[in-house]
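Spelled out, the chains give:
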Amino acid sequence: MEYLLKTLDTSRQALLPQVRILEEHYLINHCHDIYNLTTLGKLIVNEISSFLEYINIFGEDVGYWGAHDFSFIPPNLFNRINELGECKVINPPLMAIYEMNNDFYEASKKSKSLCGITTFFYPKFPELFSELIAKNVSVHFIVSKNLLDKIRTDNYADFERLINSKLFQFSLYTKNMDFLSFSYNDYYTKIRPKKSNGEFESKYLLCRRKDQFDWGKELFEYYLKDSVSIVGI
């Protein structure tokens, strides 16, 4: 009891009524001022831990999650969405819509690799990729058919040079993409879904967590298996 009072920074008078409620619902038991979780209590606490991780992700931005289509994430990965940790909704100003997020950009330069999937083109993509390759960062991007056609028309020379680098891999996704973009480096995961009604918007999710790397890698590999390597523009 003394440990509980100190940890919760409360008084015995305030805590005991709450303890009795837990006992009445068979979640805890006690003997001589020692309290323990029951088997049922342990089961529920395990579920609460996962629930709190989801709350940590959704936070005050639950409306964003509810208004956007995340069906492009396979169920086995979406069930583990809590592995992303805390996510922030980024709403860039109008003048910065076509600019890379600065936190993500700087983190990419310190990463071993940058991987992404996208249906739209940032004007600074060639500059960013060249800079990362110069810093010995491995880059692998998957693009949609429409975007590949645009690159061949508008950015042929830039991407021809990039493809010749051993650190740059370029792939074409052979199926339909129901999202705008997804990318990850060693520090961040960035997700830009469509709205549930199919509309496009500039807002996106930026998630940072020390152990989120595998989640992003698994989603990337999910799309990579249905992609073909581009060896020449």
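In this text the structure is predicted, and so the values were computed from the model without any measurement.

1. Some points on the overall build of the chain
A count of helices and strands for the chain gives ten helices and ten strands. At 23 Å, the chain has a C-alpha radius of gyration far larger than the 17 Å of a compact globule built from 233 residues. Once the C-alpha set of the chain is aligned to its principal axes, its extents read approximately 80 × 40 × 35 Å. In the chain, of all internal contacts separated by at least 6 residues, the share reaching a separation of at least 24 is 72%. Side-chain charges of the chain comprise 27 positive and 30 negative groups, with the mean position of each set lying 5 Å from the other.

2. A word on the packing of aromatic side chains
Where two aromatic rings form a pair, the distance of their centres and the angle of their planes describe that pair. Considering all chains together, one arrives at 22 aromatic pairs under this definition. When the ring of F125 is compared with that of F129, the centres are 5.1 Å apart and the planes differ by 15°; the resulting orientation is stacked. Taken together, the residues F125 and F129, both in helix 7 (residues 125-134) and four residues apart, mark about one turn of the helix. The two residues F125 and F129 agree in class, both being buried. Consider the rings of F129 and F168, whose centres lie 5.4 Å apart with planes at 45°: the pair is tilted. Of this pair, F129 sits in helix 7 while F168 sits in strand 6 (residues 168-173); the two residues are 39 residues apart in sequence, bridging distant segments of the chain. The residues F129 and F168 share a single accessibility class, namely buried. Grouped by ring-pair contacts, the aromatic residues F58, W65, F70, F72, F78, Y173, F179, Y222 and Y223 constitute a single cluster. Directly above the aromatic system of Y187 lies the positively charged group of K110, at a separation of 5.5 Å from the ring centroid.

3. Quick look at the pattern of salt bridges
Tallied over the full model, the rule gives eleven salt bridges. Linking E83 and R80 is a salt bridge whose minimum nitrogen-to-oxygen distance equals 2.7 Å. Here E83 falls in the partly exposed class, since its relative accessible area comes to 25%. Connected through salt bridges with shared partners, the residues E2, R12 and D33 form a single ionic network.

4. A closer look at the sheet that holds strand 4 (residues 113-118)
On the basis of which strands lie adjacent, the open sheet formed by eight strands has the order 3-9-8-7-4-5-6-10 and mixed pairing. In this open sheet, the two strands that pair with only one neighbour each are strand 3 (87-90) and strand 10 (227-229). Across the sheet, the mean angle separating the axes of adjacent strands is 15° when strand polarity is ignored. Bridge analysis of strand 6 against strand 10 gives three bridges, and the strand direction is antiparallel. Looking at the pairing, Y173 lines up with S227 of strand 10. Contacts from helix 6 (residues 102-109) reach strand 4, strand 7 (179-184), strand 8 (188-193) and strand 9 (204-208), with the element oriented near 135° to strand 8. Its contacts with the sheet place helix 8 (residues 145-154) against strand 4, strand 5 (138-143) and strand 6, and it is angled at close to 130° to strand 6.

5. Overview of the environment of L5
The residue L5 is located in helix 1 (residues 2-8) in this model. Looking at L5, the relative accessible area reads 11%, which means it is buried. Considered as a pair, L5 and L15 are ten residues apart in the sequence and their alpha carbons are 7.6 Å apart. When residues no more than four places from it in sequence are discounted, the contact partners of L5 are T10, S11, R12 and L15.

6. Side note on the nonpolar core
Core analysis: the biggest nonpolar cluster contains 33 residues, and F129, F159, F168 and F170 have the highest contact counts within it. Elements supplying a minimum of two residues to this core: helix 6, helix 7, strand 5, helix 8, helix 9 (156-163), strand 6 and strand 9. Apart from residues lying up to four places away in sequence, F159 is in contact with F121, P126, F129, I151, F168, F170 and I233. Ranked by size, the runner-up nonpolar core spans 25 residues in total, among them F72, C87, I117 and Y223.

7. Some details on the environment of L162
Take L162: it is sitting in helix 9. For L162 and S130, which are 32 residues apart along the polypeptide, the C-alpha to C-alpha distance reads 7.1 Å. Leave out the neighbours within four places in its chain, and L162 touches P126, F129, S130, I133 and F168.

What counts and what doesn't
- Residues numbered from 1 in each chain as written.
- Predicted model: local features only at pLDDT ≥ 70, side-chain atom pairs only at ≥ 80, totals over all residues.
- Heavy atoms only, no water.
- Helix = DSSP H or I, 4+ residues; strand = E, 2+ residues; numbered from the N terminus.
- Rg over C-alpha atoms; globule rule 2.2 N^0.38 Å.
- Contact = heavy atoms within 4.5 Å.
- Lys, Arg positive; Asp, Glu negative; His and termini not counted.
- Charge placed at Lys NZ, Arg CZ, Asp CG, Glu CD.
- Phe/Tyr/Trp six-rings, centres within 6.5 Å; stacked < 30°, edge-to-face > 60°.
- Buried < 20%, exposed > 50% of the residue type's maximum accessible area, 1.4 Å probe, protein only.
- Lys NZ or Arg CZ within 6 Å of the ring centre and 35° of its normal.
- Salt bridge = Lys/Arg side-chain N within 4 Å of Asp/Glu carboxyl O.
- Pairing = 2+ DSSP bridges.
- Axes fitted to C-alpha atoms, helices over the stretch in contact; angles between N-to-C directions.
- Core = buried A, V, L, I, M, F, W, Y, C linked by side-chain atoms within 4.5 Å.

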